Amino acid sequence: MAASAGPNGLTEKQEAFALAFLETGNAAEAYRRAYDVAADAKDSWLYVEACQLLDNPKIALRLQELRDQAERLSIFTLAAAMEEFEEARKLALKEGQAAAAVSATSGKVKLFGLDRPTKIAAEHLGKNGGAIQHQHQVTADDAFAAFIATLGGNATAPTGGGDGKGEVAGESETKPDHA
């Protein structure tokens with residue numbers, strides 16, 4: 001039995017899906033609400049079905065119509081919120097209230113989602129796409145000696161080959177011969 005299309009070319013379930021998606025912003029949840037989905041249905045299947053509905057040109061057009069209608073009927077839109085934050089920021093600056101100005105700016109940032117961190121994939125490569133070449137390795141003894149040198153003295157600083165058994169600067173260890 002084929003479902004009859006409404007005036008906008010959508011079936012009742014497609015219309016219900018569009019309305020639920022507009023309400024929740026979640027395609028899978030909208031699909032659950034609009035269609036008879038078993039409680040044990042696999043999520044992967046559900047996501048595929050919901051995405052296919054979102055890709056349907058008739059549903060995409062209906063969603064845009066619904067968004068436009070909601071914006072027209074909305075008392076408080078994104079643009080109105082932005083305008084209020086800007087007015088509050090200007091007033092705060094005029095009154096010398098730096099904290100209030102910062103708060104208004106933070107509100108604008110949050111309004112547009114700019115406070116959410118973005119993840120980027122960065123790959124560090126050396127010459128010709130190879131590994132990065134390290135030219136100098138500093139041992140703990142070298143780092144300690146450099147630190148002591150910054151103190152401006154010839155204090156006891158270990159020196160040596162980085163084996164952890166460095167000599168003290170200015171002294172040389174002599175061991176008696178037991179031959």
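All chains use their own residue numbering, which begins from 1 and follows the written sequence. Owing to the predicted nature of the model, reporting of local features is limited to residues with pLDDT of at least 70; listing and counting of side-chain atom pairs is limited to 80 or more, with chain, interface and lining totals taken over all residues. For the side-chain quantities, the full set of heavy atoms in the structure was used; hydrogens and water were omitted.

**Q** Could you clarify how one ought to interpret the overall build of the protein in this entry?
**A** When helices and strands are tallied, the protein shows 7 helices and 2 strands. In this scheme, a residue with accessible area under 20% of its type's maximum is buried, one over 50% is exposed, and one in between is partly exposed, where area comes from a 1.4 Å probe on protein chains only. Of all 179 residues assigned to the protein, the portion counted as buried reaches 18%. By the convention used here, residues are in contact when the closest approach between their heavy atoms is within 4.5 Å. Here the analysis covers contacts within the protein between residues at least 6 apart in sequence; of these, 28% occur between residues at least 24 apart. Approximately 14100 Å² of the protein is accessible, and the part contributed by carbon and sulfur atoms is 55%. Helix and strand assignments follow DSSP, with helices taken as H or I runs no shorter than four residues and strands as E runs no shorter than two, numbered in order from the N terminus. Each accessible area value is a Shrake-Rupley result obtained with a 1.4 Å probe; residue values ignore everything except the protein chains displayed when judging cover.

**Q** Looking at this structure, how should I read the confidence of the model for the protein?
**A** Interpretation of the predicted coordinates at a detailed level should be avoided for regions scoring low in pLDDT. A score between 0 and 100, pLDDT records how confident the predictor is in each residue. In the predicted model, the protein carries a mean pLDDT of 78, and the fraction of residues at 70 or more is 73%. Mean pLDDT values over the elements of the protein span from 48, in strand β2 (residues 167-168), up to 92, in helix α1 (residues 12-24). Low pLDDT, under 50, characterises residues 166-174; the stretch is placed with 11 contacts to residues that sit more than four places away or in other chains.

**Q** Help me out: how do you make sense of the nonpolar core in this one?
**A** When a protein is soluble and globular, its nonpolar side chains tend to lie buried together. The nonpolar core is taken to be a set of buried Ala, Val, Leu, Ile, Met, Phe, Trp, Tyr and Cys residues, with the residues joined through side-chain atoms within 4.5 Å. Counting residues in each nonpolar core, the largest one holds 17 residues, and the members touching the most others are Phe17, Tyr31, Tyr35, Leu53 and Ile59. Elements represented by at least two residues in this core include exactly α1, α2 (27-34), α3 (43-55) and α4 (57-73). In this structure, Tyr31 is in contact with Phe17, Val37, Trp45, Leu46, Glu49, Ala50 and Leu53, ignoring residues within four places of it in sequence.

**Q** Is there a simple way to think about the side chain of Gln14 in this case?
**A** Along the chain, Gln14 falls in helix α1. Not counting residues up to four positions away in its chain, the partners in contact with Gln14 are Gly9, Tyr35, Leu53, Asn56 and Ile59.

**Q** When you look at a nonpolar patch on the surface in this model, what are you seeing that I'm missing?
**A** The grouping of Leu78, Val109, Phe112 and Leu114 at the surface amounts to a nonpolar patch, some 380 Å² of accessible area in total. By secondary structure assignment, the location of Leu78 is in helix α5 (residues 78-94). In this analysis, a patch consists of residues with relative accessible area above 30% that form no salt bridge, clustered at 9 Å for like charges and at 5 Å for the nonpolar side chains Val, Leu, Ile, Met, Phe, Trp and Tyr. Salt bridges are identified by distance alone: a Lys or Arg side-chain nitrogen within 4 Å of an Asp or Glu carboxyl oxygen.

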